[in-house]
Amino acid sequence: MNKKLTDLIAKAENEKERGSLIQIAFKLAKEDFISPQCKKTLSEFITDKADSETLKAGQFEPPEHLYTYLAYEMYKEGICGEKNPEEAKKYLLKMVKHHKYYACNELLLAYRDGNAELDIAPDKDAMIEWCFKIADYGSPTYLYFLALQAAGRKVPEFYDLGVEKDLKLAIRCLNKLNEDVNNFFSICDELDTMLNYTVHEIFREHSNSDMYGRARDSFVDGLKRDFWDCTGYSHIRMASPHLINLLGVVYYELGDYENAAKTFERAVLYESLGGKLNLSDMYSNGIGVPQDKEKAFNMKKEIADLFVGNQLGDMWDLSYDEEHKLLETVEYIANAYRFGIGVQQSADNASKYYNALTDRVWTLHLPAGFEDAIVQRASTALKEMSSS
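Residues numbered from 1 in each chain as written. Predicted model: local features only at pLDDT ≥ 70, side-chain atom pairs only at ≥ 80, totals over all residues. Heavy atoms only, no water.

Colleague: Got a minute to help me understand unusual backbone geometry in this structure?
Modeller: For Asp 32, which is not a glycine, the phi torsion comes out positive at approximately 65°. Despite not being glycine, Glu 271 shows a phi value in the positive range, around 65°. Secondary-structure assignment places Glu 271 in the loop between α13 (257-269) and α14 (273-285). (Helix = DSSP H or I, 4+ residues; strand = E, 2+ residues; numbered from the N terminus.)

Dropping the structure here:
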């Protein structure tokens, strides 16, 4: 059997066929079904191929970097000989430098939890620095989720780096991400690839079994919900305004109101709805900027008018707290027109905003029950106005 497999590999007509045979041989070696001499030959072949293999950036999985991946697994697990952590790390880092998603995740988790096979002890500081290095290699996604965790946001389980809230670290991450607009497109592409690959794997594994429907539900109800609900995937669609606004929020939480205001101003230039909401509050209260209630009111009215006209569009970059603040802003403008606070009293205008709250609030991504109080107040106001 060993000789037959060796002969087949030697006679393979092309690299694709040879690669498939090597994978078969590798699996047999892993199960200890081939001789020590055959393992030695296989190890030398894989190592030689891995050392000369040219990797292309961003590809998700083998066979695009088959031999480098096999060399990593071989030395990490001692499949064709003794375990060799240093050699394993060498091939892992080769994949990391070309931002292979599997390799990046493997390395970061090794520093998060420790990995005896790679001779890596838990080291949070090293893990954080590797997030920055991986971003420099062209894969900023891990740095993005590190920024979210450091800012106290929830992230999908796959990207959970186990970092506690650290606002100064969040600022460092966000400043790095905001250096290059291409980072935003890279994050979008990587998350799309991650989602598409995961769906493919789930469906491929179960497509010929009665588990198919459950696999589909696992994706729809699990993975996709994680990416949408964790201040992640949906917001990255407008990554630049979202990240700039988040940086402003972090500055605000740190009490650096001057930089918070400047950052929100920048976010508004990128058409960030969250930035405009936060900046309007700062002008209303005179925090970080001179108090200007007229300017604050005009900004809030602009936001409320977008909501009423269903024209928020790509400006949708809000966290749950900011979505709630959006509803409060619309209610504030409705109350202003109802009672003539800062504007001429107008029942028609007030009704327009109250009706929008009752009709369109369900289009938000708020948790169930989050908006009930505001909707109830708007409904009550409309009833009182119609009866007066």
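Colleague: Looking at this structure, I do not really get the environment of Tyr 101. What am I missing?
Modeller: Secondary-structure assignment places Tyr 101 in helix α6 (residues 101-113). Judged by its relative accessible area of 6%, Tyr 101 is buried. Spatially, the C-alpha atoms of Tyr 101 and Ser 139 are 8.6 Å apart, while their sequence positions differ by 38 residues. (Buried < 20%, exposed > 50% of the residue type's maximum accessible area, 1.4 Å probe, protein only.)

Colleague: How should I be thinking about the packing of α13 against α14 in this particular structure?
Modeller: What describes two packed helices is the angle between their axes and the distance between those same axes. For the pair α13 and α14, interaxial distance at closest approach is 8 Å and the crossing angle is 135°. Here α13 is positioned oblique relative to α14, judged by the angle of their axes. The crossing of α13 and α14 is left-handed. Between α13 and α14, the residues in contact are Tyr 257, Ala 260, Ala 261, Phe 264, Glu 265, Ala 267 and Val 268 and Gly 275, Lys 276, Asn 278, Leu 279, Met 282 and Tyr 283, respectively. (Axes fitted to C-alpha atoms, helices over the stretch in contact; angles between N-to-C directions. Parallel < 35°, antiparallel > 145°, perpendicular 65-115°, else oblique. Left-handed = near helix turned anticlockwise from the far one by under 90°. Contact = heavy atoms within 4.5 Å.)

Colleague: Help me understand the packing of helix α4 (residues 66-77) against helix α5 (residues 85-97), please; the structure alone is not making it clear to me.
Modeller: It is at 8 Å that the axes of α4 and α5 come closest, and there the two elements cross at 150°. The angle between the axes of α4 and α5 places the two elements in the roughly antiparallel class. α4 and α5 meet at a crossing whose hand is left-handed. Counting all contacts with α4, which are made through Thr 68, Tyr 69, Ala 71, Tyr 72, Tyr 75 and Lys 76, the residues of α5 involved are Glu 87, Ala 88, Tyr 91, Leu 92, Lys 94 and Met 95. Tallied by class, residues from the contact of α4 with α5 come to eight nonpolar, one polar and three charged. (Nonpolar A, V, L, I, M, F, W, Y, C, P; charged D, E, K, R; others polar.)

Colleague: Whenever I open this one, the side chain of Glu 322 confuses me. Can you help?
Modeller: Tracing the sequence through the fold places Glu 322 in helix α16 (residues 320-339). Of the side chains bearing the opposite charge, Arg 153 lies closest to the buried Glu 322, which forms no salt bridge; the N-O distance is 5.9 Å. Looking at Glu 322, its side chain comes within polar contact range of the side chain of Asn 245, at 2.9 Å. (Lys, Arg positive; Asp, Glu negative; His and termini not counted. Salt bridge = Lys/Arg side-chain N within 4 Å of Asp/Glu carboxyl O. Polar contact = N/O pair within 3.5 Å; in protein donor to acceptor, adjacent residues only side chain to side chain.)

Colleague: I tried to follow the environment of Lys 56 on my own but got confused; where do I start?
Modeller: In this structure, Lys 56 sits in the loop between α3 (36-52) and α4. You can call Lys 56 exposed: its relative accessible area is 58%. Linking Lys 56 and Lys 100, residues 44 residues apart in sequence, is a C-alpha distance of 9.0 Å. In contact with Lys 56, other than residues within four places in its own chain, are His 98 and Lys 100.

Colleague: Please clarify how α13 should be interpreted in this entry.
Modeller: In an α-helix, one turn spans 3.6 residues; hence positions three or four apart end up facing the same way. The end-to-end C-alpha distance of α13, which contains 13 residues, comes to 18 Å, matching closely the 18 Å that a straight helix rising 1.5 Å per residue would cover. Ala 260, Ala 261, Thr 263, Phe 264 and Ala 267 are the residues of α13 that are buried. Take α13 and look down its axis: the buried residues cluster within an arc of 165°, on one side only. Of the exposed residues in α13, the ones pointing more than 90 degrees away from its buried face are Glu 258, Lys 262 and Leu 269. One or two residues past the end of α13 sits Glu 271, with phi positive at roughly 65°. (Expected span 1.5 Å × (residues − 1). Arc of directions from axis to C-beta.)

Colleague: Please clarify how the packing of aromatic side chains should be interpreted in this entry.
Modeller: Two aromatic rings, taken as a pair, are described by how far apart their centres are and by the angle between their planes. Counting across every chain of the model gives eight aromatic pairs. Site record: aromatic cluster; members linked through ring pairs are Tyr 142, Tyr 144, Phe 145 and Tyr 159. The lysine or arginine in question, Lys 133, covers the ring of Trp 130, its NZ or CZ lying 4.5 Å from the ring centre. The cationic tip of Arg 172 hangs over the ring face of Phe 132; the distance from NZ or CZ to the ring centre is 3.9 Å. (Phe/Tyr/Trp six-rings, centres within 6.5 Å; stacked < 30°, edge-to-face > 60°. Lys NZ or Arg CZ within 6 Å of the ring centre and 35° of its normal.)

Colleague: How do you make sense of the pattern of salt bridges when you look at a structure like this?
Modeller: When their charged atoms lie close together, side chains carrying opposite charge are able to pair. For the structure shown, the criterion picks out 20 salt bridges. A salt bridge links Glu 179 to Lys 176, with the nearest nitrogen and oxygen atoms 3.9 Å apart. Glu 179 sits in the exposed class, given a relative accessible area of 60%. Two residues, Asp 281 and Lys 300, come together in a salt bridge whose shortest N-O distance is 2.7 Å. With Asp 281 in helix α14 and Lys 300 in helix α15 (residues 293-308), this pair connects stretches of sequence that are 19 residues apart. Asp 281 sits in the partly exposed class, given a relative accessible area of 23%. Residue class for Lys 300 comes out buried when judged on its relative accessible area of 8%. In this structure, a network of salt bridges that share partners links the residues Asp 51, Glu 87 and Lys 90.

Colleague: Would you explain the side chain of Lys 276 in this entry?
Modeller: Tracing the chain through its elements places Lys 276 in helix α14. For Lys 276, the residues in contact, after removing those within four places along its chain, are Val 268, Met 299, Glu 302 and Ile 303.

Colleague: Looking at this structure, I do not really get α4. What am I missing?
Modeller: Helix length check: α4 (twelve residues) gives 16 Å between terminal C-alpha atoms against 16 Å at 1.5 Å per residue, within 8%. Summarising burial for α4: ten of the twelve residues are buried, a large majority. Tucked inside the fold, the buried residues of α4 contact α2 (15-30), α3, α5 and α6. Of the residues trailing α4, Gly 78 is marked for its positive phi of about 65°.

Colleague: I keep staring at the environment of Tyr 72 and nothing clicks. Help me out?
Modeller: Relative to the helices and strands, Tyr 72 is located in helix α4. Between the C-alpha atoms of Tyr 72 and Ala 50, which are 22 residues apart in sequence, the distance is 9.1 Å. Setting aside residues up to four positions removed in sequence, Tyr 72 forms contacts with Ala 88, Tyr 91, Leu 92, Met 95, Tyr 102, Glu 106 and Leu 118. Within polar-contact distance, the side chain of Tyr 72 engages the side chain of Glu 106 at 2.8 Å.

These values are about where atoms sit, not about what they do.
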